[in-house]
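# A look at the structure
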Amino acid sequence: MFLALLVCGLVVALVVIGLFVFGLRRRLIQRAGGTFDCSLRWDVPDEPDPTGKGWVYGVARYSGDEIAWFRVFSYAPRPRRVLERSSIVALERRMPEGEEELALLSDAVIQPCMYEGVRLELAMSEDARTGFMAWLEAAPPGQRVNVA
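Residues numbered from 1 in each chain as written. Predicted model: local features only at pLDDT ≥ 70, side-chain atom pairs only at ≥ 80, totals over all residues. Heavy atoms only, no water.

### A look at the pattern of salt bridges
To be explicit about the condition: By definition here, a salt bridge exists when the distance from a side-chain nitrogen of Lys or Arg to a carboxyl oxygen of Asp or Glu is within 4 Å. The numbering of helices and of strands both runs from the N terminus, where a helix is a DSSP run of H or I of at least 4 residues and a strand a run of E of at least 2. Here the term buried applies to any residue with accessible area under 20% of the maximum for its type, exposed to any over 50%, and partly exposed to those in between, with areas from a 1.4 Å probe on protein chains only.
Evaluation of the coordinates by the stated rule reveals 7 salt bridges. We note a salt bridge from Glu-100 to Arg-41, for which the minimum N-O separation is 3.0 Å. Taken as a pair, Glu-100 in helix H2 (residues 100-103) and Arg-41 in strand S2 (residues 39-42) lie far apart in primary sequence, 59 residues in all. Looking at Glu-100, the relative accessible area reads 0%, which means it is buried. When its relative accessible area of 4% is taken as the criterion, Arg-41 is described as buried. Between Glu-121 and Arg-94 there is a salt bridge, with its nearest N and O atoms 3.2 Å apart. Of this pair, Glu-121 sits in strand S8 (residues 118-125) while Arg-94 sits in the loop between strand S6 (88-90) and H2, and the two are 27 residues apart along the sequence. With respect to burial, Glu-121 and Arg-94 carry one shared label: buried. Several salt bridges share partner residues, and in doing so they unite Arg-41, Arg-94, Glu-100 and Glu-121 into one network.

### What about the sheet that holds strand S7 (residues 108-115)?
Rule in force here: By the convention used here, strands pair only if DSSP detects at least 2 bridges between them. Comment: axis = line fitted to C-alpha atoms, over the contacting stretch for helices; angle = value between 0 and 180 degrees taken between N-to-C directions.
In space, the 4 strands of this open sheet follow the order S2-S8-S7-S6, with antiparallel pairing throughout. Each of the sheet's edge strands pairs with one partner strand only, and the pair in question is S2 and S6. Strand after strand, the sheet turns through a mean of 30° between neighbouring axes, direction not considered. Alignment of S6 against S7, held across 3 bridges, turns out to be antiparallel.

### Let's talk about the pairing of strand S3 (residues 58-63)
Inspection of the sheet shows strand S1 (residues 35-37) paired to S3 by 3 bridges, in the antiparallel sense. Residue pairing in the sheet places Asp-37 in a bridge with Val-59 of S3. Linking two consecutive strands that pair antiparallel, namely S3 and strand S4 (residues 66-71), is a turn of 2 residues; a positive phi of about 65° is found at Gly-64 within it.

### Some remarks on unusual backbone geometry
Its identity is not glycine, yet Asp-43 carries a phi of approximately 55°, on the positive side. Of note, Asp-43 is situated in the loop between S2 and S3. Judged by its relative accessible area of 58%, Asp-43 falls in the exposed class. Residues other than glycine seldom take positive phi values, yet Glu-116 does so here, at roughly 50°. Looking at where Glu-116 falls in the secondary structure, it is placed in the loop between S7 and S8. Relative accessible area serves as the criterion here: at 58%, Glu-116 is assigned to the exposed category.

### Remarks on a nonpolar patch on the surface
Which entries qualify depends on this criterion: In this scheme, patches are assembled from residues that exceed 30% relative accessible area and form no salt bridge. Like charges are connected within 9 Å, while nonpolar side chains (Val, Leu, Ile, Met, Phe, Trp, Tyr) are connected within 5 Å. Per-residue and other accessible areas follow the Shrake-Rupley method at a 1.4 Å probe size, with only the shown protein chains counted as cover for residues.
Together, Phe-2, Leu-3, Leu-6, Val-7, Leu-10, Val-11, Val-15 and Leu-19 line one region of the surface with nonpolar side chains, adding up to about 810 Å² of accessible area. Mapped onto the secondary structure, Leu-3 falls in helix H1 (residues 2-31). Classification of Leu-3 by relative accessible area gives exposed; the value is 61%.

In structure tokens, the structure reads:
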């Protein structure tokens, strides 16, 4: 009986510690400021895929001339992807279609981009997209603006 209670207590403690670490990691990511919720789909075919497959929920953070993208459900302290402003080409935005509406946050719009020859899509709120486009167009003098 004692052993069963000990095992249950350890399991509960591990779950609580795991949830605490998730929350702490997100807090540390957001601490530097300039963050927004952003789902990412990497290496997307040219035809839109309305099945909703491939989307990964995350948090993006502006960091100078880069955007660091972190997976939400991860313990990794480093970003999963780092996108340099000079290599991002924004394409025409679109709205979620079909099952994508279920895979993304309710107010998300999709911003397709090209990054070093790879097509990717970012799903974010309209306000976050406005900030993203302003950041993209606010390149330092002498750099090209990458908006198609």
